[in-house]
Amino acid sequence: MSQPGQLWGGRFQGGLDPAFAEFQRSLPQDHVLGFADLEVNLAWSEALAAAGLFTADELARVRAAIEDLAAHWAEHGVPADDAAEDVHSLVERELVARCGDLGKRIHTGRSRNDQVATDLRLYLRERIAGLLEGIQDLCAALVGKAGAHAGDPMPGYTHLQRAQPITIGHHALAHVEALARDRQRLLDALSRMDQCPLGSGALAGTTVPVDRAALAAQLGFGGGPCRNSLDATAARDHLCELLFACAMATTHLSRLAEDYVFFATQEARFLHFGDAVSTGSSLMPQKRNPDAMELVRGKAARVQGALLAMLGTIKGLPLAYNRDLQTDKETLLPALAETEACLHVAALAVQHASFDVARCAAEAGKGYQNATDLADLLVAQGVPFRDAHALAGAAVNRAVELGVELQDLPPGERQRLLPQLRGDLTRELSVSAVLARRAATGGTAPARVRAEVERWQRQLTAWAVGGEDPGSDGAGEAR
Ligand code: ARG
């Protein structure tokens, strides 16, 4: 006893228990596939016509019905609150309403299993494009920050202990490097969903003699048709891959967020978040909290959870389609939205973060961050590095006792502790000298950072016009 608009009631007598009926519906999630489903319906109808199952006139009527529904949805949106079981049922009902029995014939040789697999791949192309844009915008904000502060020093940390001075620009570009890899991972995931499942039937292949290569080309799949109908309808590894790319990107964002939250503490005071990305306390009137970056840091956990949920859904699942797979969209779609939002808010937070350049520079010169360079100066005088390390360590101990920086050790102490040392320590151990020494590829020297900023600016331009790596940097090195 088939319900109106239900696609499968032939052998059933009773109706569904209302609780189960609601439980098994997917329209609240899969309505977002509406336009992709129309594209798939049109391509399949054309394939049926090419195979002789629709006349030219019938195909024209089907096409008109699809176009009419698309125009209606373009104006009103795809309804999420319709009673239909899923988006495929909704589309079929709407097409039958527009072209009668012709609408019922579209499902010839097709299954919702190959249909939903195809819909989702089409839909994800656009979502991935949005994610790529989000990454590029955040990279642009960070490259902008790096350009403004390519030569401005700040303390660099390991173990959250001051280690060696870096430039603010170098720090910003470190995060750009990670995000660029995330971008690459998204493109990679996209490349592995570039095969067309449509024409695989429910599991065993279609009985209609369709030209699947033409169908794949029509739907823009560069990799042609999926080669095995069981795999085509059962595979969801591309969703895991996409979720990994999202989980990795949001995890990277959480590290950026944590860096900036720390930089904004009263203990560090390296940067100040503008009002646009800060919040206050309902109780403590003086508070100014970095909530934007804290939420970015926190939400990464939910995207990680989605990756594990998707892997768990697939684990041990027999081939081919099982209804478990319907939950893929419930897992995937919120994670994509969360990732997009985190990218956007992180970019805002970077844009609204202003560095206190004077304080950063002053702090870069404190806490013996030049001790490695002192050891290197001894090495230049012929002292083996291991001995130089010990001598510089002893000098640090004495400087701590006296409450001075290394270059300000009294002449007698310097003579006693570092007798081999020549040269003007004030100059040699200055922050600018320490930075300038690190001019090899990958280093924090201002000139090197400026060259990297220029390279990234070229890269951003290439991305914006849809291109990839523009090649070598100013020094002629391949990246
Ligand atoms: N709504 C389902 C999904 O998203 C597609 C329908 C397949 N249903 C089925 N009983 N084979 O996975």
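Quick note: structure is the one above.
Cut-offs used in this document
- Residues numbered from 1 in each chain as written.
- Predicted model: local features only at pLDDT ≥ 70, side-chain atom pairs only at ≥ 80, totals over all residues.
- Heavy atoms only, no water.
- Helix = DSSP H or I, 4+ residues; strand = E, 2+ residues; numbered from the N terminus.
- Rg over C-alpha atoms; globule rule 2.2 N^0.38 Å.
- Buried < 20%, exposed > 50% of the residue type's maximum accessible area, 1.4 Å probe, protein only.
- Contact = heavy atoms within 4.5 Å.
- Polar contact = N/O pair within 3.5 Å; in protein donor to acceptor, adjacent residues only side chain to side chain.
- Pairing = 2+ DSSP bridges.
- 1 Å grid on protein atoms, 1.4 Å probe; cavity = no way out; pocket = protein on both sides within 12 Å on 5 of 7 lines; lining within 4 Å.
- Points joined across faces, edges and corners; volume = space filled by probe spheres on them.
- Nonpolar A, V, L, I, M, F, W, Y, C, P; charged D, E, K, R; others polar.
- Near = heavy atom within 4 Å.
- Areas by Shrake-Rupley, 256 points an atom, 1.4 Å probe, with all protein chains shown as cover.
- Phe/Tyr/Trp six-rings, centres within 6.5 Å; stacked < 30°, edge-to-face > 60°.
- Expected span 1.5 Å × (residues − 1).
- Core = buried A, V, L, I, M, F, W, Y, C linked by side-chain atoms within 4.5 Å.

**Description of the overall build of the protein**
From N to C terminus, the protein includes 20 helices and 4 strands. Whereas a compact globule of 479 residues would reach a radius of gyration of roughly 23 Å, the protein reaches 30 Å, over 25% beyond that. Taken along the three principal axes of its C-alpha coordinates, the protein extends 100 × 55 × 40 Å. Among the 479 residues that make up the protein, the fraction classed as buried is 48%. Considering only residue pairs separated by 6 or more positions, the protein has 74% of its internal contacts joining residues 24 or more positions apart.

**Things to note about unusual backbone geometry**
Each neighbour pair has its own omega, and for L319 with A320 the value is 5°, a cis peptide bond. Topologically, A320 is positioned in the loop between α12 (291–314) and α13 (327–351). One non-glycine residue, L160, adopts positive backbone phi at about 60°. Tracing the sequence through the fold places L160 in the loop between β1 (153–158) and β2 (161–167). The phi torsion at Y368 lies on the positive side, around 65°, for a residue other than glycine. Mapped onto the elements, Y368 comes out in the loop between α14 (357–364) and α15 (371–380). Assessed through its relative accessible area of 19%, Y368 is described here as buried.

**So, the side chain of R448**
Looking at where R448 falls in the secondary structure, it is placed in helix α20 (residues 446–464). Look at R448 and you get buried, because its relative accessible area is 15%. Within the structure, R448 has its side chain in polar contact with the backbone oxygen of A439 (distance 3.0 Å).

**Some words on the environment of A364**
Looking at the element boundaries, A364 is found in helix α14. Given the relative accessible area of 2%, A364 is considered buried. For the pair formed by A364 and A50, sequence separation is 314 residues and the distance between their alpha carbons is 71 Å. Residues within four places of A364 in sequence aside, it is in contact with P153, M154, P155, P165, Q369 and V431.

**Notes on the pairing of β1**
Bridge count for β1 against β2 is 6 bridges, and the pairing is antiparallel. Counterpart to P153 in the pairing with β2 is T167. Where β1 hands over to β2, the hairpin turn is made up of 2 residues, of which H159 adopts a positive phi near 55°.

**As for the environment of I66**
Turning to its location among the elements, I66 is positioned in helix α4 (residues 56–76). A relative accessible area of 5% places I66 in the buried class. Residues I66 and L42, 24 residues apart in the sequence, show an inter-C-alpha distance of 7.1 Å.

**Topic: the layout of surface pockets**
A volume near 470 Å³ is recorded for the largest pocket. Considering the residues around the largest pocket, the lining is formed by 16 residues, among which Y157, H171, H175, R255 and D259 are closest to the centre. Secondary structure elements with two or more residues in the lining of the largest pocket: β1, α8 (168–192) and α11 (237–263). It is α11 that contributes the most residues to the lining of the largest pocket, 6 residues altogether. Of the residues assigned to the lining of the largest pocket, the class counts are 8 nonpolar, 5 polar and 3 charged. As a volume, the second largest pocket reaches approximately 390 Å³. Along the walls of the second largest pocket sit 16 residues, with A264, T265, Q266, H272 and R288 positioned nearest its centre. At 3 residues, strand β3 (residues 271–273) tops the list of elements feeding residues into the lining of the second largest pocket. Counted by class, the lining of the second largest pocket contains 5 nonpolar, 7 polar and 4 charged residues.

**Some remarks on the site of the ligand**
Taken together, S26, D86, R112, N113, V116, Y321, Q326 and K329 make up the full set of residues adjacent to the ligand. Between the ligand and N113, the relevant distance is 2.9 Å, taken from a nitrogen atom to a side-chain nitrogen or oxygen of the residue. One nitrogen or oxygen atom from the side chain of K329 is found 2.7 Å from an oxygen atom belonging to the ligand. Expressed as a share of its isolated accessible area of 350 Å², the protein-covered part of the ligand is 86%. By residue number, the principal contributor to the shell around the ligand is helix α7 (residues 112–148), which donates 3 residues.

**Structural notes on the packing of aromatic side chains**
One pass over the full model with this rule turns up 10 aromatic pairs. An angle of 90° between the planes, with centres 5.3 Å apart, marks the rings of Y157 and F262 as edge-to-face. Of this pair, Y157 sits in strand β1 while F262 sits in helix α11, placing them 105 residues apart in sequence. On the basis of an interplanar angle of 35° and a centroid distance of 6.0 Å, the ring pair of Y260 and F263 is categorised as tilted.

**A look at the side chain of R110**
Locating R110 in the fold gives a position in the loop between α6 (101–105) and α7. Looking at R110, its side chain comes within polar contact range of the side chain of H107, at 3.1 Å. In contact with R110, not counting residues within four places along its chain, are V40, N41, W44, Q115 and L198.

**Remarks on α20**
For α20, with 19 residues, the first-to-last C-alpha span of 27 Å sits near the 27 Å given by 1.5 Å per residue. The positive-phi residue at the C-terminal boundary of α20 is G466, with phi of around 85°.

**Structural notes on the nonpolar core**
In this structure, L124, L138, L142, L242, Y260 and M293 are the most contacted members of the largest nonpolar core, which totals 106 residues. The greatest single-element share of this core, amounting to 15 residues, is contributed by α7. Those residues in contact with L142, other than ones at most four positions away along the chain, are A172, H175, V176, L179, L256, Y260 and V350. One finds A388, A399, L418 and L421 within the second-largest nonpolar core, a separate group that totals 19 residues.

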